[in-house]
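Observations on the three-dimensional arrangement
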Amino acid sequence: MKNTDVKYLEPSMLSFFNNENAMSTLHDIRRGIERELIRTTPESRLSNLPHPEELGSALTHPYITTDFAEAQLELVTPAMTERKTTFDSLASLHHFVATRLPDNEVMWGASMPPELPNDDEIKIAAYGTSNAGQHKVRYREGLANRYGKRMQLISGIHYNFSLPDSFWEILHSHIGSELSLNDFISERYFHLIRNVLRNGWIIPYLFGASPAVDKSYLVNQEHPLRIFDEDTYYLPWATSLRLSNMGYSSNEQSFYPTSFNSKQEYLADLCHALMTPSARYTHLNTEQQLNGSVLQLENELYSSVRPKIVNDQLRPLYAMCHHGIQYIELRSLDNNPLLPLGISEDQSYFLDAFLTYNALAPSPELTDSERVLIARRQELVATEGRKEGLLLPTLQGDIELKDLGFELLDAMIPVATWLDNAFGAQGHKQGVERERVKFIDSKLTPSSKILAMMKEEKLSYKLATQRLSEVHFKQHKNVKINEEEAVNLTRLVTESLIKQQQMEAQQDMSFDEFIQKKNYLQCDCEIEEVVA
């Protein structure tokens, strides 16, 4: 009997695959990649140097910025339709940064941090003296005071994905939806998100690459990890400590769950969290956070997948209310330190098939009980995913991880085949089959390979990661990038520095007024005021 947790495509959707117009729109799928990396010293420690001016302004550069800490880079590709172009862009950004970092610095290739100093030595990212720059710093001060600096130094990869409006138009007609096209697109992105939440356990199993951590991450903390060596803690069957409760998570937010059953419910829950004072945070003063709400800003919401819209004029909540959703951000990908870019083109074929499948397979509304079950399932996979015979909770009862994995991959095959037919290639179906073998032999997963390397070569987590990072850093330096791209990146450095200077010279209100304006929020979704 088939497990009903895995949703197979309905006949009406399979017939949609015969629509040649629908197939032709798939060439306009857009994907972008964001990668967070920490600048480290040869001793596997956090760099204490400022963000290099040769990289431009972290406040205004569109592709090279910082995340939480001053030493935490974030490299962002534009959203593009050509997969190779996306990865070429990511490689160019790595090359550009690698050739401009101070001597002896490298880019740490893993998700869990390097050796960390005391919290007061971890420098929060600096963005200059403009109101916008100070606002970003104050927000990070809030993150530090709420969750601790160590957790914020966990890095990852975000995979941004959108299907083109022309695709949604044809599906809208095929289904005979009575919604406006804009509302239909938003509804289908939430449909996709619910399925990603259901099926998302497969991402840490297949691609999780953080089974161990430097002991400095857990200083003065109780934890269930085992001792690997004098510098390293680990769990023998873990796939992604980053995605576990010891990683990037928020207990407080779990008391304010956000619904993904509709745009209206999502925005109402998000607004509630943005406006509700938290007993945990109200003791902090105004210089320690932006405000005392459960969430200071929309971006503080922790979720493995998020709906997104880019709008320079409106804050995200209002922009999504008025204009709907443009794309989704898959946030559950670890940096794979075995790969130069932390992610590969082969992997992205699988991700496209996975996300497209989730957009088209049935997606009932999520109940509270299913949400609890999804969280338990993710924690099990993150901490014990490679354990032989591991049982995962489903709505039908406990099912062996391996069986659930095979069933999900089987359900994806029609979508992968359809994508291959559209592109005249085999990458998507091959991507699914390539991942199937990891369910046959868990030793093929990145998390297993990393632990095997550490054991065989008697390396701590930080030494293993440092060695891999240095190898890849040399590769980044030697990458030949397109001359036009090199000129463009150099130009953006100058432009971004000038733009920051202009912002600092043109303050039109005090910072306190700026904060007050930023914190102002109404939840009736009818606000037209520009709040950038």
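What counts, and at which threshold
Residues numbered from 1 in each chain as written. Predicted model: local features only at pLDDT ≥ 70, side-chain atom pairs only at ≥ 80, totals over all residues. Heavy atoms only, no water. Helix = DSSP H or I, 4+ residues; strand = E, 2+ residues; numbered from the N terminus. Rg over C-alpha atoms; globule rule 2.2 N^0.38 Å. Contact = heavy atoms within 4.5 Å. Areas by Shrake-Rupley, 256 points an atom, 1.4 Å probe, with all protein chains shown as cover. Lys, Arg positive; Asp, Glu negative; His and termini not counted. Charge placed at Lys NZ, Arg CZ, Asp CG, Glu CD. Axes fitted to C-alpha atoms, helices over the stretch in contact; angles between N-to-C directions. Parallel < 35°, antiparallel > 145°, perpendicular 65-115°, else oblique. Left-handed = near helix turned anticlockwise from the far one by under 90°. Nonpolar A, V, L, I, M, F, W, Y, C, P; charged D, E, K, R; others polar. Phe/Tyr/Trp six-rings, centres within 6.5 Å; stacked < 30°, edge-to-face > 60°. Buried < 20%, exposed > 50% of the residue type's maximum accessible area, 1.4 Å probe, protein only. Disulfide = S-S within 2.5 Å. Patch = residues over 30% accessible without salt bridge, like charges linked within 9 Å, V, L, I, M, F, W, Y side chains within 5 Å. Salt bridge = Lys/Arg side-chain N within 4 Å of Asp/Glu carboxyl O. Pairing = 2+ DSSP bridges. Expected span 1.5 Å × (residues − 1).

1. Focus on the overall build of the protein
Scanning the protein from terminus to terminus reveals 19 helices and 12 strands. The C-alpha atoms of the protein give 23 Å as radius of gyration, which agrees with the globular expectation for 532 residues (24 Å, within 12%). Its C-alpha atoms give the protein principal-axis dimensions of about 60 × 60 × 55 Å. Long-range contacts, defined as pairs at least 24 residues apart, comprise 76% of the intrachain contacts of the protein with a sequence gap of at least 6. Summing over all exposed atoms, the protein offers an accessible surface of approximately 22500 Å²; the carbon and sulfur share of this is 49%. One finds the centroid of the 52 positive side-chain charges in the protein at a distance of 5 Å from the centroid of its 73 negative side-chain charges.

2. Some points on the packing of helix H4 (residues 131-147) against helix H19 (residues 511-519)
In the contact formed by H4 and H19, the axes pass within 10 Å of each other and the chain directions differ by 65°. In terms of orientation, H4 lies roughly perpendicular with respect to H19. Of the two possible hands of crossing, H4 and H19 adopt the one that is right-handed. Between H4 and H19, the contacting residues are Asn131, Ala132, Gln134, His135 and Arg138 on the first element and Phe511, Phe514, Ile515 and Lys518 on the second. Across the contact of H4 with H19, the residue classes tally to 4 nonpolar, 3 polar and 2 charged.

3. Observations concerning the packing of aromatic side chains
Inspection of the entire model under this criterion finds 19 aromatic pairs. Pairing Phe16 with Phe167 gives two aromatic rings, centres 5.7 Å apart and planes at 80°, and the pair type is edge-to-face. With Phe16 in helix H1 (residues 11-16) and Phe167 in helix H6 (residues 165-175), this pair connects stretches of sequence that are 151 residues apart. Overall, the relative accessible area of 0% leaves Phe16 in the buried class. Residues Trp168 and Tyr189 carry aromatic rings whose centres are separated by 5.2 Å and whose planes lie at 70° to one another, so their mutual orientation is edge-to-face. In this pair, Trp168 is assigned in helix H6 and Tyr189 in helix H7 (residues 181-199), connecting sequence segments 21 residues apart. As far as burial versus exposure is concerned, Trp168 and Tyr189 are alike and both buried.

4. Re the state of the cysteines
All chains considered together, the criterion is met by 1 disulfide. The disulfide partner of Cys271 is Cys523, and the S-S distance across this bridge is 1.6 Å. Note on the Cys271 and Cys523 pair: the S-S dihedral is about -90°, so by sign convention the disulfide is left-handed. Residue Cys271 is found in helix H10 (residues 263-275), and its partner Cys523 is found in the segment after H19; the two are separated by 252 residues along the sequence. The exposure class assigned to Cys271 is buried, which follows from its relative accessible area of 2%.

5. So, a nonpolar patch on the surface
Taken together, the side chains of Val437, Ile440 and Leu444 make up a nonpolar region of the molecular surface, amounting to roughly 250 Å² of accessible area. With respect to the secondary-structure elements, Val437 resides in helix H15 (residues 427-440).

6. A look at the sheet that holds strand E8 (residues 232-234)
Spatial ordering of the open sheet is given by E6-E8-E7, a layout of 3 strands whose pairing is antiparallel. Strands with a single pairing partner mark the edges of an open sheet, and in this sheet they are strand E6 (212-214) and strand E7 (226-229). In this sheet, neighbouring strand axes are inclined to one another by 35° on average, regardless of whether the strands run parallel or antiparallel. Where E6 and E8 come together, 3 bridges link them in antiparallel fashion.

7. Re H15
Helix length check: H15 (14 residues) gives 21 Å between terminal C-alpha atoms against 20 Å at 1.5 Å per residue, within 8%. When H15 is considered as a whole, its buried residues turn out to be Gly427, His428, Gly431, Val432, Glu435, Arg436, Lys438 and Phe439. The secondary structure elements touched by the buried residues of H15 are helix H3 (83-98), helix H8 (202-207), helix H12 (345-360), helix H14 (401-423) and helix H16 (446-456).

8. Looking at the side chain of Arg386
The residue Arg386 is located in the loop between helix H13 (368-384) and strand E11 (391-394) in this model. For the buried Arg386, which has no salt bridge, the nearest side chain bearing the opposite charge is Asp441, at an N-O separation of 9.1 Å. Arg386 has contacts with Tyr205, Pro211, Leu235, Pro236, Trp237, Ala238, Thr239, Ser442, Thr445, Ser447, Ser448 and Leu451, leaving out every residue within four places of it along the chain.

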